[in-house]
Amino acid sequence: MKLFCTPNSPFSRVARVLVDELGLAAAVEITTVTVRDPDSELLTFIVSGKVPALYIDDSHTLCDTRMIAQYLAHTANRDNVTASLHNIEDYAFEGFCLSFLESICVWVREARRAPAEVSEQILQLERARAVRCLLYLEKNLEKLQQPFGLAAIAVVCAMDIASRRLDFSTDNKQQKLAQWFKKSSNRSSMLATQPLGI
Ligand SMILES: N[C@@H](CCC(=O)N[C@@H](CS)C(=O)NCC(=O)O)C(=O)O
């Protein structure tokens, strides 16, 4: 299998962390590609051109982080990495964690625009959303303290990029979450997949 990634994409990082956590490094070749590039090698595998993308065989490339996580877990024979529809509470929580990551990516993208193009309204909206999400995670911390699966990985990758790129992190209202983040950030899978130069 080939996992297409960019070095700094937080969604790619989720997939790379999973490869490491699941002991699949020998089975998955991590391949760095460009995005938003008409000449990207990735476009010959998947026309959407987004990362992560997991090339499985000549006919199939998966291009959604949740699907990739499910496929990797299935390959590693692990059933506690992604939430099952049979447990709607965990399933909904996992979806929330991925949507938190997506919102942080929107915020990062907006903040990186040329100053004249940045929308202050979007920056404020995303900050307010992120504050709500951190408070929610603090209240539901026990859901993150289960085996280090997709939900937890999405949150730790979101919090990491928010602190690096947006200077946004927990305050004294989310002390348990801050401790959990510090511990999770020190896992070898997180240390091995740190973004480059940021
Ligand atoms: N919903 C997608 C989101 C993936 C995504 O937004 N990837 C970004 C990088 S973090 C990307 O490929 N952007 C390039 C583009 O928009 O063309 C998933 O779950 O995998």
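Preceding this paragraph is the structure being described.
Residues numbered from 1 in each chain as written. Predicted model: local features only at pLDDT ≥ 70, side-chain atom pairs only at ≥ 80, totals over all residues.

Digging into the overall build of the protein chain
- Across its full length, the protein chain holds eight helices and four strands.
- Mapped in sequence order, the helices and strands of the protein chain form the string β-α-β-β-β-α-α-α-α-α-α-α.
- Its C-alpha atoms give the protein chain a radius of gyration of 17 Å, near enough to 16 Å, the size a compact globule of 198 residues would have.
- Its C-alpha atoms give the protein chain principal-axis dimensions of about 50 × 45 × 30 Å.
- Within the protein chain, the proportion of its 198 residues that are buried is 34%. (Helix = DSSP H or I, 4+ residues; strand = E, 2+ residues; numbered from the N terminus. Rg over C-alpha atoms; globule rule 2.2 N^0.38 Å. Buried ≥ 20, exposed ≤ 12 C-beta atoms within 10 Å, placed from the backbone.)

Some details on the sheet that holds strand E2 (residues 29-32)
- Read from one edge to the other, the open sheet built from four strands follows the order E2-E1-E3-E4, with strand pairing classed as mixed. Bordering the open sheet on either side are E2 and strand E4 (60-62), each of which pairs with just one other strand. Between one strand and the next, the sheet's axes are offset by a mean angle of 25°, whatever the strand orientation.
- Against the sheet, helix H1 (residues 10-21) makes contact with strand E1 (2-5) and E2, and its axis sits at roughly 145° relative to E1, the strand it touches most. (Pairing = 2+ DSSP bridges. Axes fitted to C-alpha atoms, helices over the stretch in contact; angles between N-to-C directions. Contact = placed C-beta atoms within 7 Å.)

A word on the nonpolar core
- Core analysis: the largest hydrophobic core is formed by 50 residues, its most contacted members being Leu-101, Ile-104, Ile-153, Ala-154, Val-155 and Ala-158.
- Only E1, H1, strand E3 (53-57), helix H2 (65-75), helix H3 (88-111), helix H4 (120-139), helix H6 (150-165) and helix H7 (175-185) provide two or more residues apiece to this core.
- In terms of residues, this core owes the most to one element, H6, which gives 12 residues.
- Both domain 1 (2-75) and domain 2 (88-187) contribute no fewer than three residues apiece to this core.
- Residues in contact with Ala-158, not counting those within four places in the same chain, are Pro-10, Phe-100, Leu-101 and Ile-104. (Core = buried A, V, L, I, M, F, W, Y, C linked by C-beta atoms within 7 Å. Domains from an automatic or database assignment.)

Observations regarding H6
- Along its 16 residues, H6 runs 22 Å from first to last C-alpha, staying within 8% of the 22 Å computed at 1.5 Å per residue.
- Of all 16 residues making up H6, 13 are buried, and the element is well covered by its neighbours.
- Asp-167 sits one or two positions beyond H6 and adopts a positive phi of about 55°. (Expected span 1.5 Å × (residues − 1).)

Digging into the environment of Val-35
- Within the secondary structure, Val-35 is located in the loop between E2 and E3.
- On a C-alpha basis, the gap between Val-35 and Thr-6 in space is 7.7 Å, while along the polypeptide they are 29 residues apart.

Remarks on the environment of Thr-6
- For Thr-6, the location among the structural elements is in the loop between E1 and H1.
- Along the chain, Thr-6 and Lys-50 lie 44 residues apart, while their C-alpha atoms are 9.5 Å from each other.
- Sequence-distant contacts of Thr-6, that is, excluding residues within four places in its chain, are made with Ser-12, Thr-32, Val-33, Val-35 and Val-51.

Section: the site of the ligand
- Around the ligand lies a shell formed by Ser-9, Pro-10, Phe-11, Val-35, Arg-36, Gly-49, Lys-50, Val-51, Pro-52, Asp-64, Thr-65 and Cys-105.
- Its residues assigned to classes, the shell around the ligand comprises six nonpolar, three polar and three charged. (Near = placed C-beta within 6 Å. Nonpolar A, V, L, I, M, F, W, Y, C, P; charged D, E, K, R; others polar.)

Remarks on the pairing of E1
- Note: E1 against E2, four bridges, orientation parallel. When the sheet's bridge partners are listed, Phe-4 is paired in E2 with Thr-31.
- Where E1 lies against E3, three bridges are found, and the strand directions are antiparallel. Within the sheet, the bridge partner assigned to Leu-3 lies in E3 and is Leu-54.

Quick notes on the packing of H6 against H7
- The interhelical angle for the contact between H6 and H7, taken along N-to-C directions, is 95°, at an axis separation of 10 Å. Considering the angle they form, H6 stands roughly perpendicular to H7. On H7, the residues touching Ala-152, Val-156, Met-159 and Asp-160 of H6 are Phe-181, Ser-184 and Ser-185.
- Tallied by class, the residues present in the contact of H6 with H7 amount to four nonpolar, two polar and one charged. (Parallel < 35°, antiparallel > 145°, perpendicular 65-115°, else oblique.)

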